[in-house]
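# Understanding the architecture of this molecule
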Amino acid sequence: MSKLKICPSILAADFGQLNDQIAMLNNSACDYLHIDMMDGVFVPNISFGFPVTQAIFKQASKPMDFHLMIKDADPYLTHCVKSGAQIISVHQEACRHLHRTVSAIRDLGAKPGVVINPHTPVEALMDILPMVYLVLVMSVNPGFGGQSFIDRTYDKIHRLRALANSLNPSLEIQVDGGVSVNNATQLREAGATMLVAGSAVFKAPDPVEYIEALRNS
Ligand code: DX5
Ligand code: ZN
(Lines give C-alpha, C1' and ligand atoms only; values in the text may rest on other atoms or scores of the structure.)
(Ligands and ions follow the chains in the order given, each with its own letter.)
Protein backbone atom coordinates (compact mmCIF):
# COMPACT_ATOMS: atom_id res chain seq x y z
CA MET A 1 0.00 0.00 0.00
CA SER A 2 1.55 3.30 -1.04
CA LYS A 3 1.23 6.26 1.29
CA LEU A 4 -1.09 9.14 0.63
CA LYS A 5 0.58 12.27 -0.70
CA ILE A 6 -0.29 15.24 1.48
CA CYS A 7 -0.72 18.76 0.11
CA PRO A 8 -1.35 21.38 2.82
CA SER A 9 -3.35 24.31 1.46
CA ILE A 10 -1.50 27.59 2.04
CA LEU A 11 -4.88 29.38 2.00
CA ALA A 12 -5.32 28.33 5.64
CA ALA A 13 -1.88 29.56 6.74
CA ASP A 14 -1.31 32.65 8.89
CA PHE A 15 -0.17 35.13 6.24
CA GLY A 16 1.34 37.37 8.91
CA GLN A 17 3.79 34.57 9.69
CA LEU A 18 4.18 33.18 6.19
CA ASN A 19 7.92 32.47 6.37
CA ASP A 20 7.49 30.52 9.63
CA GLN A 21 4.58 28.59 8.20
CA ILE A 22 6.55 27.62 5.08
CA ALA A 23 9.55 26.65 7.25
CA MET A 24 7.23 24.39 9.28
CA LEU A 25 5.97 22.71 6.08
CA ASN A 26 9.54 22.35 4.78
CA ASN A 27 10.31 20.37 7.94
CA SER A 28 7.19 18.23 7.67
CA ALA A 29 6.52 15.07 5.64
CA CYS A 30 4.17 16.88 3.25
CA ASP A 31 4.61 16.22 -0.47
CA TYR A 32 3.42 19.46 -2.09
CA LEU A 33 2.41 22.96 -1.07
CA HIS A 34 -1.11 23.45 -2.44
CA ILE A 35 -1.56 26.95 -3.87
CA ASP A 36 -5.17 28.12 -4.33
CA MET A 37 -5.51 30.95 -6.83
CA MET A 38 -8.92 32.64 -7.18
CA ASP A 39 -10.15 35.38 -9.48
CA GLY A 40 -13.40 36.58 -7.90
CA VAL A 41 -15.20 35.55 -11.12
CA PHE A 42 -15.12 31.76 -11.36
CA VAL A 43 -15.39 31.61 -7.56
CA PRO A 44 -16.85 34.28 -5.25
CA ASN A 45 -13.54 35.01 -3.53
CA ILE A 46 -10.02 36.30 -4.23
CA SER A 47 -7.00 34.70 -2.56
CA PHE A 48 -3.56 36.01 -3.56
CA GLY A 49 -1.54 36.73 -6.67
CA PHE A 50 1.89 36.07 -8.12
CA PRO A 51 3.92 38.39 -5.83
CA VAL A 52 2.79 36.16 -2.95
CA THR A 53 3.40 32.88 -4.80
CA GLN A 54 6.90 34.12 -5.76
CA ALA A 55 7.64 34.79 -2.09
CA ILE A 56 6.42 31.29 -1.17
CA PHE A 57 8.53 29.77 -3.95
CA LYS A 58 11.69 31.49 -2.63
CA GLN A 59 11.13 30.01 0.81
CA ALA A 60 9.78 26.55 -0.08
CA SER A 61 11.87 23.40 -0.33
CA LYS A 62 8.78 21.35 -1.32
CA PRO A 63 7.28 21.23 -4.81
CA MET A 64 4.22 23.36 -5.44
CA ASP A 65 0.85 22.28 -6.75
CA PHE A 66 -1.30 25.10 -8.19
CA HIS A 67 -5.11 24.92 -8.13
CA LEU A 68 -6.41 27.61 -10.46
CA MET A 69 -9.97 28.70 -9.65
CA ILE A 70 -9.95 31.23 -12.46
CA LYS A 71 -12.17 31.73 -15.48
CA ASP A 72 -9.48 32.21 -18.06
CA ALA A 73 -6.35 30.36 -17.00
CA ASP A 74 -4.39 30.37 -20.27
CA PRO A 75 -2.68 33.79 -19.90
CA TYR A 76 -1.44 32.87 -16.40
CA LEU A 77 0.12 29.45 -16.98
CA THR A 78 3.62 30.85 -17.64
CA HIS A 79 3.41 32.94 -14.45
CA CYS A 80 2.54 29.78 -12.52
CA VAL A 81 5.60 27.96 -13.85
CA LYS A 82 7.79 30.99 -13.03
CA SER A 83 6.33 30.83 -9.52
CA GLY A 84 7.48 27.24 -9.14
CA ALA A 85 4.41 25.26 -10.18
CA GLN A 86 5.23 21.61 -10.82
CA ILE A 87 1.56 20.69 -11.09
CA ILE A 88 -1.06 23.05 -12.56
CA SER A 89 -4.70 22.06 -12.20
CA VAL A 90 -7.49 23.86 -14.04
CA HIS A 91 -11.26 23.50 -13.68
CA GLN A 92 -13.17 21.51 -16.27
CA GLU A 93 -16.04 23.99 -15.81
CA ALA A 94 -13.83 27.04 -16.44
CA CYS A 95 -11.93 26.03 -19.59
CA ARG A 96 -13.57 26.57 -22.96
CA HIS A 97 -10.84 24.52 -24.66
CA LEU A 98 -9.66 22.16 -21.96
CA HIS A 99 -7.60 20.00 -24.32
CA ARG A 100 -5.67 23.08 -25.47
CA THR A 101 -5.08 24.27 -21.90
CA VAL A 102 -3.90 20.83 -20.73
CA SER A 103 -1.54 20.63 -23.73
CA ALA A 104 -0.18 24.11 -22.93
CA ILE A 105 0.55 23.10 -19.32
CA ARG A 106 2.44 20.04 -20.54
CA ASP A 107 4.36 22.12 -23.14
CA LEU A 108 5.50 24.43 -20.31
CA GLY A 109 7.04 21.43 -18.55
CA ALA A 110 4.47 21.17 -15.73
CA LYS A 111 2.19 18.26 -14.90
CA PRO A 112 -1.43 18.94 -15.91
CA GLY A 113 -4.39 18.36 -13.61
CA VAL A 114 -8.12 18.80 -14.15
CA VAL A 115 -10.47 19.77 -11.32
CA ILE A 116 -14.17 18.94 -11.09
CA ASN A 117 -16.72 20.67 -8.89
CA PRO A 118 -19.16 18.64 -6.78
CA HIS A 119 -21.85 18.81 -9.49
CA THR A 120 -19.63 17.66 -12.37
CA PRO A 121 -19.75 13.93 -13.17
CA VAL A 122 -16.41 12.12 -13.47
CA GLU A 123 -17.67 10.74 -16.80
CA ALA A 124 -17.23 14.26 -18.27
CA LEU A 125 -13.47 13.59 -18.10
CA MET A 126 -13.38 10.41 -20.24
CA ASP A 127 -11.69 11.99 -23.24
CA ILE A 128 -9.19 14.11 -21.33
CA LEU A 129 -8.23 11.43 -18.80
CA PRO A 130 -5.38 9.85 -20.81
CA MET A 131 -3.68 13.29 -21.03
CA VAL A 132 -3.60 14.32 -17.39
CA TYR A 133 -1.35 13.61 -14.43
CA LEU A 134 -4.11 14.09 -11.88
CA VAL A 135 -7.78 14.70 -11.38
CA LEU A 136 -8.75 16.84 -8.42
CA VAL A 137 -12.19 15.95 -7.11
CA MET A 138 -13.63 18.90 -5.16
CA SER A 139 -15.35 17.71 -2.00
CA VAL A 140 -16.70 21.22 -1.31
CA ASN A 141 -17.73 24.05 -3.62
CA PRO A 142 -14.50 25.91 -4.38
CA GLY A 143 -13.75 29.38 -3.05
CA PHE A 144 -13.39 29.02 0.71
CA GLY A 145 -11.56 26.95 3.29
CA GLY A 146 -13.23 25.45 6.33
CA GLN A 147 -16.35 24.00 4.66
CA SER A 148 -17.95 20.61 5.35
CA PHE A 149 -16.98 17.58 3.28
CA ILE A 150 -19.65 16.41 0.80
CA ASP A 151 -20.22 12.66 1.32
CA ARG A 152 -21.09 11.88 -2.29
CA THR A 153 -17.38 12.41 -3.08
CA TYR A 154 -16.55 8.81 -2.11
CA ASP A 155 -18.76 7.44 -4.86
CA LYS A 156 -17.24 9.84 -7.40
CA ILE A 157 -13.72 8.70 -6.49
CA HIS A 158 -14.77 5.04 -6.88
CA ARG A 159 -16.17 5.73 -10.33
CA LEU A 160 -13.14 7.81 -11.34
CA ARG A 161 -10.74 5.06 -10.22
CA ALA A 162 -12.68 2.53 -12.31
CA LEU A 163 -12.48 4.82 -15.38
CA ALA A 164 -8.78 5.46 -14.79
CA ASN A 165 -8.04 1.71 -14.56
CA SER A 166 -8.76 1.44 -18.26
CA LEU A 167 -7.82 4.93 -19.50
CA ASN A 168 -4.90 6.08 -17.31
CA PRO A 169 -3.86 3.54 -14.64
CA SER A 170 -1.19 5.78 -13.07
CA LEU A 171 -3.65 8.69 -12.60
CA GLU A 172 -3.30 10.51 -9.28
CA ILE A 173 -6.66 11.26 -7.67
CA GLN A 174 -6.56 14.30 -5.42
CA VAL A 175 -9.34 15.39 -3.07
CA ASP A 176 -9.79 18.94 -1.76
CA GLY A 177 -12.21 20.38 0.79
CA GLY A 178 -13.08 19.33 4.32
CA VAL A 179 -10.33 16.69 4.40
CA SER A 180 -9.11 15.56 7.83
CA VAL A 181 -7.95 12.45 9.68
CA ASN A 182 -11.65 11.64 10.07
CA ASN A 183 -12.14 10.86 6.37
CA ALA A 184 -8.58 10.27 5.06
CA THR A 185 -8.64 6.46 5.35
CA GLN A 186 -12.02 6.19 3.65
CA LEU A 187 -10.76 8.47 0.86
CA ARG A 188 -7.70 6.30 0.33
CA GLU A 189 -9.85 3.16 0.28
CA ALA A 190 -12.12 4.77 -2.34
CA GLY A 191 -9.09 5.37 -4.59
CA ALA A 192 -7.65 8.76 -3.65
CA THR A 193 -3.85 9.11 -3.73
CA MET A 194 -3.37 12.79 -2.80
CA LEU A 195 -5.13 14.79 -0.10
CA VAL A 196 -5.34 18.57 0.16
CA ALA A 197 -5.96 19.81 3.70
CA GLY A 198 -6.14 23.42 4.84
CA SER A 199 -7.89 24.12 8.14
CA ALA A 200 -7.33 20.64 9.52
CA VAL A 201 -3.54 21.03 9.20
CA PHE A 202 -3.11 24.66 10.22
CA LYS A 203 -5.56 24.48 13.16
CA ALA A 204 -3.96 21.31 14.53
CA PRO A 205 -2.01 21.78 17.79
CA ASP A 206 0.98 20.16 16.04
CA PRO A 207 0.66 20.53 12.24
CA VAL A 208 3.80 18.44 11.55
CA GLU A 209 2.37 15.53 13.54
CA TYR A 210 -1.02 16.00 11.88
CA ILE A 211 0.53 15.80 8.39
CA GLU A 212 2.24 12.56 9.42
CA ALA A 213 -1.09 11.17 10.68
CA LEU A 214 -2.78 12.06 7.38
CA ARG A 215 0.00 10.34 5.41
CA ASN A 216 -0.41 7.19 7.46
CA SER A 217 -4.20 7.08 7.13
C1 DX5 B 1 -11.16 25.70 -1.56
C2 DX5 B 1 -9.73 25.38 -1.79
C3 DX5 B 1 -9.14 24.46 -0.79
C4 DX5 B 1 -9.19 24.94 0.64
C5 DX5 B 1 -9.36 23.71 1.48
O6 DX5 B 1 -11.67 26.34 -2.67
O7 DX5 B 1 -9.54 24.77 -3.05
O8 DX5 B 1 -7.83 24.06 -1.15
O9 DX5 B 1 -8.06 25.66 1.05
O10 DX5 B 1 -9.58 24.09 2.77
P11 DX5 B 1 -10.13 23.10 3.87
O12 DX5 B 1 -9.15 21.96 3.98
O13 DX5 B 1 -10.16 23.97 5.10
O14 DX5 B 1 -11.49 22.64 3.44
ZN1 ZN C 1 -7.52 23.86 -3.56
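Now for a description of the structure that goes with this document.

So, how was this worked out
Residues numbered from 1 in each chain as written. Chains lettered and ligands numbered in written order. Predicted model: local features only at pLDDT ≥ 70, side-chain atom pairs only at ≥ 80, totals over all residues. Heavy atoms only, no water. Helix = DSSP H or I, 4+ residues; strand = E, 2+ residues; numbered from the N terminus. Rg over C-alpha atoms; globule rule 2.2 N^0.38 Å. Buried < 20%, exposed > 50% of the residue type's maximum accessible area, 1.4 Å probe, protein only. Contact = heavy atoms within 4.5 Å. Areas by Shrake-Rupley, 256 points an atom, 1.4 Å probe, with all protein chains shown as cover. Lys, Arg positive; Asp, Glu negative; His and termini not counted. Charge placed at Lys NZ, Arg CZ, Asp CG, Glu CD. Near = heavy atom within 4 Å. Polar contact = N/O pair within 3.5 Å; in protein donor to acceptor, adjacent residues only side chain to side chain. Nonpolar A, V, L, I, M, F, W, Y, C, P; charged D, E, K, R; others polar.

### Quick look at the overall build of the protein chain
- Across its full length, the protein chain holds eight helices and eight strands.
- In terms of overall dimensions, the protein chain is globule-like: its C-alpha atoms have a radius of gyration of 16 Å, near the 17 Å expected for 217 residues.
- Overall, the protein chain is about 40 × 35 × 30 Å in size when its C-alpha atoms are taken along their principal axes.
- The 217 residues of the protein chain split such that 53% are buried.
- A sequence separation of at least 24 residues applies to 65% of the contacts in the protein chain between residues at least 6 apart.
- Carbon and sulfur atoms form 50% of the exposed surface of the protein chain, whose accessible area is close to 9,500 Å².
- For the protein chain, the distance from the average position of its 17 positive side-chain charges to the average position of its 20 negative side-chain charges is 4 Å.

### With respect to the site of ligand 1
- The environment of ligand 1 is formed by 19 residues, the closest being S9, G143, D176, G198 and S199.
- G198 places a polar main-chain atom, nitrogen or oxygen, 2.7 Å from an oxygen atom of ligand 1.
- One of the side-chain N or O atoms of S199 is found 2.3 Å from an oxygen atom in ligand 1.
- Alone, ligand 1 offers 380 Å² of accessible surface; in the complex the protein occludes 99% of this.
- Elements that contribute at least two residues to the shell around ligand 1 include exactly β2 (33-38), β3 (64-69) and β8 (194-197).
- Its residues assigned to classes, the shell around ligand 1 comprises seven nonpolar, 10 polar and two charged.

Geometric values such as these leave the question of function open.
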